[in-house]
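Each chain, written out:
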Amino acid sequence: MYDHMAVRTTKSGQKAPRHKSRRVSYVEIAAAIALTCIALAAAIGDTIASAPGLTQERQRQLTEFVRQDCGSCHGMTLKGGLGRPLSADMFEGRGADIIAEIILDGIPGTAMPPWRALLTEAEADWIAEALKRGDIR
Ligand code: HEC
């Protein structure tokens, strides 16, 4: 009739309702897993995306945190106390990544505690770099 272009005709989608089983199907499980992965990826993506630039507000908070919490052992002006000074000259020749590792994991067998529960890696990196630059005093 009107199908002079019959070569290109396709069958329109036949709906095949499948509600025989009440049990959770593999498709649903797979969909749930996929959604979880997407959510996780998004969360990780956010973390990575925010890594290079912490907000001004967060940087201010971290500076205060280092002065207060780290200062309780390293001296209120970070010039040393129970812990060694955290002044820039102490860190010459050592990479910020090593300092960040110490901050995250602490120094086992000493009073230097791990801060991993309180700080993200990006934040520890930021603190390490700020200390190396001598920006936090
Ligand atoms: C409970 C006390 C305490 C607190 C709080 C503390 N530290 Fe320490 N920290 C120490 C001690 C003690 C040492 C020295 C350990 C040793 O003998 O090697 C140390 C060592 C370090 C070192 C290595 C210094 C070096 O020259 O190798 C860094 C870096 C450091 N602390 C950073 C921090 C930062 C940043 C904070 C806050 C997030 C912090 N510490 C909070 C006690 C503390």
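Everything below is about the structure shown above.
Residues numbered from 1 in each chain as written. Predicted model: local features only at pLDDT ≥ 70, side-chain atom pairs only at ≥ 80, totals over all residues. Heavy atoms only, no water.

**Points about the coordination of the iron atom of the ligand**
Moving on, step 1. Taken together, H74 (NE2) and M112 (SD) make up the full set of protein donors to the iron atom of the ligand, lying 2.0 to 2.1 Å away.
Moving on, step 2. Between the 6 donor atoms coordinating the iron atom of the ligand, the angles at the centre fall across 87 to 178°, so the site counts as octahedral. Highlighted residues: H74 in helix α2 (residues 56-74) and M112 in the loop between α3 (96-105) and α4 (121-133), separated in sequence by 38 residues.
Moving on, step 3. Residue class for H74 comes out buried when judged on its relative accessible area of 12%. (Donors = N, O, S within 2.8 Å, 3.2 Å for Na, K, Ca; no water. Tetrahedral: all angles 85-135°; square planar, octahedral: opposite > 155°, others 65-115°. Helix = DSSP H or I, 4+ residues; strand = E, 2+ residues; numbered from the N terminus. Buried < 20%, exposed > 50% of the residue type's maximum accessible area, 1.4 Å probe, protein only.)

**Describing the environment of L131**
Moving on, step 1. Following the sequence through the fold, L131 ends up in helix α4.
Moving on, step 2. Considering only alpha carbons, one finds L131 and D89, 42 residues apart in sequence, at a separation of 9.5 Å.

**Quick word on unusual backbone geometry**
Moving on, step 1. The backbone of L78 sits at a positive phi, close to 60°, despite the residue not being glycine.
Moving on, step 2. Mapped onto the elements, L78 comes out in the loop between α2 and α3.

**Observations concerning the packing of α3 against α4**
Moving on, step 1. One way to put it is that α3 packs onto α4 with a least axis distance of 8 Å and a crossing angle of 120°. By the angle class used here, α3 and α4 are oblique. Our pair here, α3 against α4, has a crossing hand that is right-handed. Facing A96, I99, A100, I103 and L104 of α3, the residues of α4 in contact are E121, A124, D125, I127, A128, E129 and K132.
Moving on, step 2. A class-by-class count of the residues in the contact of α3 with α4 yields 8 nonpolar, no polar and 4 charged. (Axes fitted to C-alpha atoms, helices over the stretch in contact; angles between N-to-C directions. Parallel < 35°, antiparallel > 145°, perpendicular 65-115°, else oblique. Left-handed = near helix turned anticlockwise from the far one by under 90°. Contact = heavy atoms within 4.5 Å. Nonpolar A, V, L, I, M, F, W, Y, C, P; charged D, E, K, R; others polar.)

**Remarks on the environment of R84**
Moving on, step 1. Tracing the sequence through the fold places R84 in the loop between α2 and α3.
Moving on, step 2. Taking the C-alpha atoms as reference points, R84 and H74, separated by 10 residues in sequence, lie 5.9 Å from one another.
Moving on, step 3. If near-sequence neighbours (up to four positions away) are discounted, R84 is found in contact with H74 and M90.

**Describing a negative patch on the surface**
Moving on, step 1. A grouping of D97, E101, D125 and E129 is seen on the molecular surface, where their side chains present a negatively charged patch.
Moving on, step 2. Within the residue set of the negative patch, elements represented by two or more residues are α3 and α4. (Patch = residues over 30% accessible without salt bridge, like charges linked within 9 Å, V, L, I, M, F, W, Y side chains within 5 Å. Areas by Shrake-Rupley, 256 points an atom, 1.4 Å probe, with all protein chains shown as cover. Salt bridge = Lys/Arg side-chain N within 4 Å of Asp/Glu carboxyl O. Lys, Arg positive; Asp, Glu negative; His and termini not counted. Charge placed at Lys NZ, Arg CZ, Asp CG, Glu CD.)

**Notes on the site of the ligand**
Moving on, step 1. In the region of the ligand, 21 residues are neighbours, and C70, C73, H74, R84 and M112 sit closest.
Moving on, step 2. At a separation of 2.8 Å, a nitrogen atom of the ligand approaches a polar side-chain atom of H74.
Moving on, step 3. One of the side-chain nitrogen or oxygen atoms of R94 is found 2.9 Å away from an oxygen atom of the ligand.
Moving on, step 4. Sorting the residues of the shell around the ligand by element identifies α2 and α3 as the ones contributing at least two each.
Moving on, step 5. A total of 6 residues in the shell around the ligand trace back to one element, the largest contributor, which is α2.
Moving on, step 6. Broken down by class, the residue content of the shell around the ligand amounts to 14 nonpolar, 4 polar and 3 charged. (Near = heavy atom within 4 Å. Polar contact = N/O pair within 3.5 Å; in protein donor to acceptor, adjacent residues only side chain to side chain.)

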